[in-house]
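# Structural description and commentary
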Amino acid sequence: MAFEDLLNDPVIQKYLHELVGPTGMPVAAAPPDGEVTDEELAEELDLELNDVRRALFILYENDLASYRRVRDEDSGWLTYLWTFEYENIPENLEEEMYRLLDALQRREEYERTHEFYLCEVDSIRFEFGEAMDFGFECPECGSPLEAMENNRLVGAMERRLEELQDELNVDDADDVDGVDAV
Ligand SMILES: [Zn+2]
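What counts and how
- Within any chain, residue numbers begin from 1 and follow the written order of that chain's sequence.
- A pLDDT threshold of at least 70 governs which residues receive local features in this predicted model, and a stricter bar of 80 or more applies before side-chain atom pairs are shown or counted, although totals over entire chains, interfaces and linings include all residues.
- Working from all heavy atoms in the structure, the side-chain values ignore hydrogens and water.
- Per the convention used, a helix needs a DSSP run of H or I reaching at least four residues, while a strand needs a run of E reaching at least two, with both numbered from the N terminus.
- Here the globule rule reads 2.2 Å times residues to the power 0.38, and the radius of gyration is calculated from C-alpha atoms.
- The classification of residues rests on relative accessible area computed with a 1.4 Å probe and restricted to protein chains. Under 20% of the type maximum is buried, over 50% is exposed, and intermediate values are partly exposed.
- We call two residues in contact when some of their heavy atoms are within 4.5 Å.
- Note on areas: Shrake-Rupley with a 1.4 Å probe; residue coverage comes only from the protein chains shown.
- For the charge count, each Lys or Arg is scored as positive and each Asp or Glu as negative, with His and the chain ends excluded.
- Note on charges: their place is set at NZ of Lys, CZ of Arg, CG of Asp or CD of Glu.
- Side-chain atoms within 4.5 Å link the members of a nonpolar core, which is a set of buried Ala, Val, Leu, Ile, Met, Phe, Trp, Tyr and Cys residues.
- Patch rule: a residue counts if its relative accessible area is over 30% and it has no salt bridge; like charges are joined within 9 Å, and nonpolar side chains (Val, Leu, Ile, Met, Phe, Trp, Tyr) within 5 Å.
- Every case where a carboxyl oxygen of Asp or Glu lies within 4 Å of a side-chain nitrogen of Lys or Arg is listed as a salt bridge.
- Strands qualify as paired when DSSP identifies two bridges or more between them.
- For helices, the fitted axis covers only the stretch in contact; all axes are lines through C-alpha atoms, and the angles between them, taken along N-to-C directions, range from 0 to 180 degrees.

A count of helices and strands for the chain gives 8 helices and 6 strands. For the chain, the sequential pattern of α-helices and β-strands runs α-α-β-α-α-β-β-α-β-β-α-β-α-α. Relative to the compact-globule value of 16 Å for 182 residues, the chain shows a C-alpha radius of gyration of 24 Å, a clear excess of over 25%. With respect to the principal axes defined by its C-alpha atoms, the chain has extents near 80 × 40 × 30 Å. In the chain, which comprises 182 residues, the proportion classed as buried is 33%. A sequence separation of at least 24 residues applies to 54% of the contacts in the chain between residues at least 6 apart. As displayed, the chain offers around 12,000 Å² of accessible surface, 46% of which is attributable to carbon and sulfur atoms. Each charge class in the chain can be summarised by its mean position, and for the 14 positive and 50 negative side chains these summaries are 2 Å apart.

This is the structure we're talking about:
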């Protein structure tokens, strides 16, 4: 996939934005073809050199950029020549989605298998055991704790899980459990 196609994808834009943050986004959003130095990028994008370096390093840590060092024969200075490796983005995104799926499955199971009580005054939620320990009275304000339905939350989580599983072509829980090793 060409870089331009990748960068027009809102999911990928969001992913890059979460990685490098707003200050690094001009760097992440404008990957040059071929090699480039941090100074060239800073000048071209009118950014602070430190912001460019920070963004490049984050991309490097996430396997989205690599560099090689070259010594300038006249000055003896080391120059870092950077290459953007955005062909790794789809794979990284898939790993992210598996992580999200795993976390959401745990959360959904927790919500589905626990009973909750609510202090409507403080909007604090307690698990059944906690609520019982407090005699079903809010420890903050003394209001009675009311049993709380979380069916809608669980339903929303289930729909999101189905969407994620569709996107990842995962059908049953067995496939997902194997992903812990990722
Ligand atoms: Zn309260």
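Let's shift gears to the nonpolar core. By size, the foremost hydrophobic cluster in this structure holds 24 residues, and its most contacted members are L16, L59, F84, Y86 and I89. Looking at this core, the elements with two or more residues in it are helix 1 (3–7), helix 2 (10–29), helix 3 (38–45), helix 4 (49–61), strand 3 (78–84) and helix 5 (89–113). A total of 7 residues in this core trace back to one element, the largest contributor, which is helix 2. Judged by nonpolar contacts, the second largest core, of 9 residues, contains L104, M157, L164 and V170.

This part is about a negative patch on the surface. On the surface, E158, E162, D166 and E167 cluster together into a patch of negative charge. For E162, the location among the structural elements is in helix 7 (residues 151–168).

In any sheet, the strands associate via hydrogen bonds between backbone groups, in a parallel or an antiparallel arrangement. Spatial ordering of the open sheet is given by 5-4-6, a layout of 3 strands whose pairing is antiparallel. Pairing within the sheet leaves two strands with one partner each, and these edge strands are strand 5 (124–127) and strand 6 (146–148). Ignoring which end each strand starts from, the neighbouring axes of this sheet average 40° apart. By the bridge criterion, 3 bridges tie strand 4 (residues 116–119) to strand 6 in an arrangement that is antiparallel. Residue pairing across strands places Y117 opposite A147, the latter belonging to strand 6.

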